[in-house]
Amino acid sequence: MLLRLLRTHLAGYKRLIAGIIALQLVGTMANLYLPSLNADIIDKGIATGDSGYIWSTGGWMLVVTALQITCSIAATYLAARTAMGFGRDVRSSVFNRVGEFSAREVGQFGAPSLITRTTNDVQQVQLLVVMTFGMMITAPIMATGGVIMALRQDVGLSWLMLVSVPALAVSIMLIIRRMIPLFRQNQALVDEVNGVLREQITGIRVIRAFVREDHEVERFDDANGRLAAVATSAGRYMMTIFPLVMFVLNVSGAAVLWFGAQRVESGELQVGSLTAFLAYLMQILMSVMMATFMMMMIPRAAVSAERIMEVLDTRSSVVPPENPVREVPGDTTVRLERVRFKFPGAAEPVLRDISFTAEPGRTTAIIGSTGAGKTTLLNLIPRLVDVTGGAVRIHGTDVRDLDPEVLWRGIGLVPQRPYLFSGTVASNLRYGNPAATDDDLWEALRIAQAEDFVLRLGGLDAPIAQGGTNVSGGQRQRLSIARALVSKPAIYLFDDSFSALDLGTDARLRAALRPVTGDAVVIVVAQRVSSIIDADQILVLEDGAVVGRGRHHELLDSCPTYAEIVESQATAEVAG
């Protein structure tokens, strides 16, 4: 998964990557050349007292050092640009893929997990990319070059490399093996903490209303504590790596000096060569440390990449048609033909054998008890989910054959939970029509009975918080209705959109809607009978099936379920 993600999203950065490799190669070679120059200064300059040689070789060392620094800075800059661009591209891919998901896929992953995958998981892989181009490319070059240069100085001490390098690599790999499961647990627990925190922020009013602050604090402490415990365990293992590395480095250095001194004393090795060999051994061990450090990051990045690719590989259950219909002749009649819907893995379907026709200029209402399938039925029309049996047709064309843009442009949806975006009143209303004028917005607000409170808020430029949390539930509903009106669609879908309104406002709004929606198809889902009492056609749903169909007065006599709903809200006589 990690390799596939890197291969896919780094394909556009080949030139930058080639530049990074070239700069790292030159910089590492310069770094490897410096100990040899230092050895020459000791053996040929200091030992013989040749000041001219010391100055000339020292000047050459300064040039090589400047080259090495320049290459390192340039490589780091290019690595940062590549990693940041990679992170941007991956986040964009995840965001676009989530935007294609139907309600089924969004529910499958959950909002907290999708947020974590788009942010924290992408950061983990992005960090691996920048560290790879900064360290991983350098490590094999330095290790290989260090071995060659060390052997040039003295073959007799080479056995120390055969002991110290494997000892360091094996020790670090044993630690990393224990860290991999902890990284997997860590990412799952980050999801859980995000989920608990999101619930507490969203449901703060409910928490306070039921005096459950202490319970929620305990829930968060539990999730946070388990995350901290796993992170602490991983941190402990990580912290043992650095003392281990220093231990091996120091022991190796001491061994080189001990055995090297004996060779110097016997005349088999010069002091400068011993110094260079020690420097090369340190470079080799540092490269091994860098490589193993990268190996420590790879498991965590691999877990994150797996979670990212899980999103990118998930295809929406609502698939765009291969040859979409982009022009739809005829009227805007909505027709459902023996519609059936069943969630994956569910024992029973949510909707069974539902057929009805909603014609322009007529209002079709859907009512039923909680869980009867009303919202699911409404969601089939704009293809928020797809039918598992039967067909939904608009203009006589199956919605699965329509171009999604054509379908959505013709529908004004007011969802059951009205959502407003952070911005202003105007920016939220223009979601329905970006080209709408201020007069168009005020007209929609007047129809939606929202003009008065918008004026009190400060007009069209009044700020709206994320989710519309700075306005009441009824005000959110009215602004959502106004947003749908601004788009002037051919089909209006109201999903229990009047539930937060008082009876007077509800009546005035419905009266104002009639002339505006006179030529449109209007489908209303409602819990309150008073909101649909004047509908041209009322469908009564029970357990996913239509058990009654007709106007209000007809259903009172012919449908016991409808009569029961009316009785539960008032009495049949008062409602009539």
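The rules behind these values
Residues numbered from 1 in each chain as written. Predicted model: local features only at pLDDT ≥ 70, side-chain atom pairs only at ≥ 80, totals over all residues. Heavy atoms only, no water. Axes fitted to C-alpha atoms, helices over the stretch in contact; angles between N-to-C directions. Helix = DSSP H or I, 4+ residues; strand = E, 2+ residues; numbered from the N terminus. Parallel < 35°, antiparallel > 145°, perpendicular 65-115°, else oblique. Left-handed = near helix turned anticlockwise from the far one by under 90°. Contact = heavy atoms within 4.5 Å. Nonpolar A, V, L, I, M, F, W, Y, C, P; charged D, E, K, R; others polar. Salt bridge = Lys/Arg side-chain N within 4 Å of Asp/Glu carboxyl O. Buried < 20%, exposed > 50% of the residue type's maximum accessible area, 1.4 Å probe, protein only. Patch = residues over 30% accessible without salt bridge, like charges linked within 9 Å, V, L, I, M, F, W, Y side chains within 5 Å. Areas by Shrake-Rupley, 256 points an atom, 1.4 Å probe, with all protein chains shown as cover. Lys, Arg positive; Asp, Glu negative; His and termini not counted. Charge placed at Lys NZ, Arg CZ, Asp CG, Glu CD. pLDDT = per-residue confidence, 0-100. Pairing = 2+ DSSP bridges.

**Focus: the packing of helix α3 (residues 51–100) against helix α5 (residues 111–136)**
Describing two packed helices takes the angle between their axes plus the distance from one axis to the other.
No. 1: At a minimum axis distance of 9 Å, the contact between α3 and α5 shows a crossing angle of 155 degrees. Looking at the two axes, α3 sits roughly antiparallel to α5. Considering how the two elements wind past one another, α3 and α5 form a crossing that is right-handed. Where α3 abuts α5, its residues A79, A80, T82, A83, M84, F86, G87, V90, R91, V94 and V98 lie against L114, T118, V122, V125, Q126, V129, V130 and F133.
No. 2: Considering only residue class, the contact of α3 with α5 consists of 14 nonpolar, four polar and one charged.

**Side note on the pattern of salt bridges**
No. 1: Summed over the entire model, instances satisfying the criterion amount to 23 salt bridges.
No. 2: Residue R97 pairs with E100 through a salt bridge whose shortest N-O separation is 3.1 Å. Of this pair, R97 and E100 both sit in helix α3, separated by three residues, roughly a single helical turn.
No. 3: For R97, a relative accessible area of 14% puts it in the buried group.
No. 4: Under the relative-accessibility criterion, E100 is labelled partly exposed at 47%.
No. 5: When the shortest N-O distance is used, the salt bridge between R514 and D534 registers 3.2 Å. On the criterion of sequence distance, the pair formed by R514 in helix α17 (residues 503–516) and D534 in the loop between β10 (521–526) and β11 (537–542) is long-range, its members being 20 residues apart.
No. 6: Take R514: its relative accessible area is 45%, and that puts it in the partly exposed class.
No. 7: A single network of salt bridges, built from pairs that share partners, joins D506, R510, R514, R528 and D534.

**Considering a nonpolar patch on the surface**
No. 1: A grouping of W159, L162, V163, W258 and F259 is seen on the molecular surface, where their side chains present a nonpolar patch of about 570 Å² in accessible area.
No. 2: Listing elements by their share of the nonpolar patch, those giving two or more residues are α7 (158–202) and α9 (213–265).
No. 3: If you tally residues by element for the nonpolar patch, the top one is α7, at three residues.
No. 4: Along the polypeptide, W258 turns up in helix α9.
No. 5: Given the relative accessible area of 59%, W258 is considered exposed.

**Side note on a negative patch on the surface**
No. 1: On the surface, E213, D214, E218 and D221 cluster together into a patch of negative charge.
No. 2: With respect to the helices and strands, E213 occurs in helix α9.

**Concerning the confidence of the model for the chain**
No. 1: Put simply, the chain has an average pLDDT of 85, and 98% of its residues get 70 or more.
No. 2: Mean pLDDT across the elements of the chain bottoms out in helix α20 (residues 572–575) (44) and peaks in helix α14 (residues 438–447) (93).
No. 3: Ignoring residues within four places in sequence, the model shows residues 572–576, a span with pLDDT below 50, making seven contacts including any to other chains.

**Here's the deal with the packing of α9 against helix α10 (residues 271–313)**
No. 1: Interaxial distance between α9 and α10 falls to 10 Å at its minimum, and their mutual angle equals 160 degrees. Taken together, the axis directions place α9 and α10 in an arrangement best described as roughly antiparallel. Judged by the sense of rotation from one axis to the other, the crossing of α9 with α10 is right-handed.
No. 2: Looking at the contact of α9 with α10, its residues break down into 21 nonpolar, three polar and no charged.

**Thoughts on the sheet that holds strand β4 (residues 389–394)**
No. 1: Pairing within the open sheet is antiparallel, and its four strands lie in the order β2-β1-β4-β5. Strand pairing shows two members of the sheet lacking a second neighbour, β2 (351–358) and β5 (397–398), which therefore form its edges.
No. 2: Sheet topology places β4 next to β5; two bridges connect them, and they run antiparallel. Bridge pairing in β5 places R393 opposite D398.

**Quick notes on unusual backbone geometry**
No. 1: If you check the backbone angles, R338 has positive phi at about 50 degrees while not being a glycine.
No. 2: Position of R338 relative to the elements: it lies in strand β1 (residues 334–341).
No. 3: Judged by its relative accessible area of 57%, R338 falls in the exposed class.

**Observations concerning the sheet that holds strand β9 (residues 491–495)**
Strands pair in a sheet through their backbones, by hydrogen bonds, and they do so in one of two ways: parallel or antiparallel.
No. 1: Read across the open sheet, the six strands follow the order β6-β9-β10-β3-β11-β12; overall the sheet is mixed. For this open sheet the edge positions go to β6 (411–414) and β12 (545–550), each flanked by a neighbour on one side alone. Taking each pair of neighbouring strands and ignoring which way they run, the sheet shows an average axis angle of 15 degrees.
No. 2: Relative to β11, strand β3 (residues 363–368) runs parallel, the two sharing five bridges. Bridge pairing in β11 links A365 to I538.
No. 3: In the packing of helix α16 (residues 473–486) onto the sheet, contacts are made with β6 and β9, and the angle to β6 comes to roughly 175 degrees.

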